[in-house]
Every structure is written in structure tokens, then in C-alpha cells.
Amino acid sequence: MNVKPDFSKGRNYAETAPAFLSVWNMEAYYGESYIVQNVSFNVHEGEILALLGRNGAGKTSTLRAIARLDAPQVTHGEIWLDHQPLHTMRSHEAAQAGLGLVPEDRRIIPGLTVEENIDLAQIAPPIGWSKERLFELFPRLGERRRQEGVTLSGGEQQMLSIARALARDIKVLLLDEPYEGLAPVIVDEIEKTLRIIKEQGITTILVEQNAVRALELADRAVILDTGSIVFDGSAAEVLGNSELRAEYLAI
Ligand SMILES: Nc1ncnc2c1ncn2[C@@H]1O[C@H](COP(=O)(O)OP(=O)(O)OP(=O)(O)O)[C@@H](O)[C@H]1O
Ligand SMILES: [Mg+2]
């Protein structure tokens, strides 16, 4: 059995509470350039963590590294999810361990209906939320279950992409800019859904350019700047600190 190391002692962690997802001293690179340097942070079970920073700060790369995608390549460090060493896993194993990545481009599969897109996520165990439960969470998807997924509006596609992640039995939802390009009223709707998902005990890492919206929803925030962490603390603290916001978030 793998025992999660106690990073709280001597490894310079800001937090000492036991973490559900731990990233420790992670370094990752594309080709020859290091993109993520010495990144360590904890995510507690059931919380929403906002992962913020300017364009190119390394947010997407960090999510991809946690999800164990082929690029960027992680060269150093450890990633633990609920006592499981993600850093030793391939992406499909990380998915089985309970990670669900909703990428920025949403990846709706052409030629398939809404329902078929969800079915495809459920062909292999462990199976998560039922279609009935998903359509209750996203009534718009239920109404359009036989419509081709790629013909949905941007907001509906984002909902389908999240629904597809939940259709597997995930513990952690990794969201890359879910609000991008969406009208405020649709952002409201997705935000409401993310609160319900949190109430169901799922842990979320939310990457967003819309930092204020993300901070209003999140419990905690980690800010990246050129691949390194420059802040780790409560979301309220960032909202209340105009210098920090101006320097690293341009808001
Ligand atoms: N496939 C790749 N090959 C080489 N460099 C890459 C690749 N993908 C990203 N990068 C570089 O890595 C750095 C971090 O990119 P990343 O996409 O992680 O940033 P980000 O914080 O998500 O930015 P944004 O807010 O614009 O989405 C950038 O300098 C980017 O150019
Ligand atoms: Mg990005």
C-alpha cells in the first residue's frame, strides 16, 4: 500500500492540514524549457481551489501535469491524490484514480448526440453519476439529449464537458477556463452548478481568467507567476488585497 508522505513537516508547506490532493516540488517542461518550477500546493477534500495567474503563467500546464498528460513532461516532484501516487501513473490511470480534466477546448465528440457523448464516458468502470442525475443537474442537456453535441451553444458545450467528467466516478474536477467566451448569465448558471457539485463532495481546481468570479466561488487560491507559486491562501484574502491583484492578476 502507498502511504502518503507527510509533506507538512520540513517541506515548507504553507498549510499543515492533511491534504486530499498534494503537489510537491513539481517541475515540468516542454522540449527544453521549464514551464513549471518547484510548484507545491495542497487541495483539501471538498474545496474549490482557484488556480490563477496571467497569460502564460503555467496554469494549463499545471493541470495537464496533474492529469498526467504526455506534455508537459514532469521531471521532478510528486503528486498524490487520496493516498495514490499520481506521479507514477499514465493519464488513463490518473483518470481511473479519480481525476476528471475538462480542457479549455471542451472536446465534444463530433457526430455524437449529447447522450452519446455521455455514454462514451461511461463505457468503462468506475462509472459515476447516472444520466438521470446529470440531466437533473443540467436540465438544458436533458432537453437536448438527442441533439448533436457540437451544435450546442458554447455554454451548453461547457456543461456537457463537465457532465462527461462527472459521468466517470471522479474525486477531483480540473476545470480549465470554464467561463471563457460565455455570457454572464450562463456563467451564473455554471457557477450554480459548481456549487452543487461541491455540495456532493467533489474537490475542484478552477483555472480562470475571470479571477474575480473564480475568487467569489473558491475557498482558497494559488497564484502562479512564470511557473512558480507567488501566493497560497484564502480566496477572500486575494479579493481584499488590491496590490496582489494588480501585480499578478491585472485586476
Ligand atoms: N506544447 C507546448 N510546447 C511548448 N511550450 C508550451 C506548450 N504549451 C504551453 N507552452 C508554454 O508554457 C508556458 C505556460 O503555458 P500555459 O498554457 O500553461 O499558461 P496558462 O497560464 O494556462 O496561460 P493562459 O492564461 O494564456 O491560458 C507558456 O510560456 C507557453 O508558451
Ligand atoms: Mg491556459
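Where an unreviewed UniProt entry is consulted, the chain appears under the name ABC transporter ATP-binding protein, with the organism given as Pseudooceanicola nanhaiensis. Turning to the chain, the UniProt annotation filed under Sequence similarities (unreviewed entry) states: "Belongs to the ABC transporter superfamily."

Help me understand the overall build of the chain in this model?
For the chain, the count of helices and strands is ten helices and ten strands. On C-alpha atoms alone, the chain measures out to a radius of gyration of 18 Å, which is about the 18 Å that the 2.2 N^0.38 rule sets for 251 residues. Seen through its C-alpha atoms, the chain measures out along the principal axes to roughly 55 × 45 × 35 Å. Taken over 251 residues, the chain has a buried fraction of 51%. Sequence-distant contacts in the chain: of pairs separated by 6 or more residues, those separated by 24 or more amount to 67%. Accessible surface computed for the chain: about 11300 Å², of which carbon and sulfur atoms make up 48%. In the chain, the 25 positive side-chain charges and the 36 negative ones have mean positions that sit 3 Å from each other.

In this structure, what is going on with the site of ligand 1? I would like to understand it.
Taken together, Tyr30, Ile35, Arg54, Asn55, Gly56, Ala57, Gly58, Lys59, Thr60, Ser61, Glu177 and Gln209 are the residues near ligand 1. Here an oxygen atom of ligand 1 sits 2.8 Å away from a polar atom, N or O, in the main chain of Gly56. The protein chains hide 58% of the 630 Å² of surface that ligand 1 would expose on its own. If one sorts the elements of the shell around ligand 1 by residue count, helix α1 (residues 59-66) sits on top with three residues.

Could you clarify how one ought to interpret the domain arrangement of the chain in this entry?
Put simply, an interface is often sized by how much accessible area is lost when its parts join up. Split by domain assignment, the chain resolves into domain 1 (1-98 + 171-251) and domain 2 (107-169). Distance between the C-alpha centres of domain 1 and domain 2: 24 Å. Listed per partner, the contact involves 18 residues of domain 1 and 15 residues of domain 2. Between domain 1 and domain 2 lies a buried interface of about 1200 Å² when both sides are counted; carbon and sulfur atoms form 70% of it. The three residues of domain 1 that bury the most area against domain 2 are Glu189, Ile190 and Thr193, which together make up 27% of that side's buried surface. Where domain 1 packs against domain 2, one counts one salt bridge.

Help me understand the packing of helix α3 (residues 114-121) against helix α6 (residues 154-166), please; the structure alone is not making it clear to me.
The geometry of a pair of packed helices is captured by two quantities: the angle between their axes and the separation between those axes. Where α3 meets α6, the axes come as close as 8 Å, and the angle between the chain directions of the two elements is 30 degrees. Taken together, the axes of α3 and α6 lie roughly parallel to each other. Crossing of α3 over α6 shows right-handed handedness. In contact with Val114, Asn117, Ile118 and Ala121 of α3, α6 contributes Leu160, Ala163 and Arg164. Taken together, the residues of the contact of α3 with α6 break down into five nonpolar, one polar and one charged.

What is the right way to look at the sheet that holds strand β1 (residues 21-30) in this model?
Sheet strands pair via backbone hydrogen bonds, and the direction of the pair is either parallel or antiparallel. Pairing in this open sheet of four strands is antiparallel, and the strands run β2-β1-β4-β5 from one edge to the other. Each of the sheet's edge strands pairs with one partner strand only, and the pair in question is β2 (33-43) and β5 (84-85). Bridging between strand β4 (residues 73-81) and β5 involves two bridges; their strand directions are antiparallel. Directly across from Leu81, in β5, lies its bridge partner Gln84.

What is the right way to read α1 from this model?
The α-helix winds at 3.6 residues per turn, so residues separated by three or four positions along the chain end up facing the same way. Burial runs high along α1: six of the eight residues are buried. Of the positions making up α1, those classed as buried are Lys59, Ser61, Thr62, Leu63, Ala65 and Ile66. Positive phi appears at Arg68, one or two residues downstream of α1, with a value of about 65 degrees.

Criteria and thresholds
Residues numbered from 1 in each chain as written. Chains lettered and ligands numbered in written order. Predicted model: local features only at pLDDT ≥ 70, side-chain atom pairs only at ≥ 80, totals over all residues. Heavy atoms only, no water. UniProt positions renumbered as here; feature names shortened; annotations may be inferred. Helix = DSSP H or I, 4+ residues; strand = E, 2+ residues; numbered from the N terminus. Rg over C-alpha atoms; globule rule 2.2 N^0.38 Å. Buried < 20%, exposed > 50% of the residue type's maximum accessible area, 1.4 Å probe, protein only. Contact = heavy atoms within 4.5 Å. Areas by Shrake-Rupley, 256 points an atom, 1.4 Å probe, with all protein chains shown as cover. Lys, Arg positive; Asp, Glu negative; His and termini not counted. Charge placed at Lys NZ, Arg CZ, Asp CG, Glu CD. Near = heavy atom within 4 Å. Polar contact = N/O pair within 3.5 Å; in protein donor to acceptor, adjacent residues only side chain to side chain. Domains from an automatic or database assignment. Buried area = accessible area lost by both parts, 1.4 Å probe. Salt bridge = Lys/Arg side-chain N within 4 Å of Asp/Glu carboxyl O. Axes fitted to C-alpha atoms, helices over the stretch in contact; angles between N-to-C directions. Parallel < 35°, antiparallel > 145°, perpendicular 65-115°, else oblique. Left-handed = near helix turned anticlockwise from the far one by under 90°. Nonpolar A, V, L, I, M, F, W, Y, C, P; charged D, E, K, R; others polar. Pairing = 2+ DSSP bridges.

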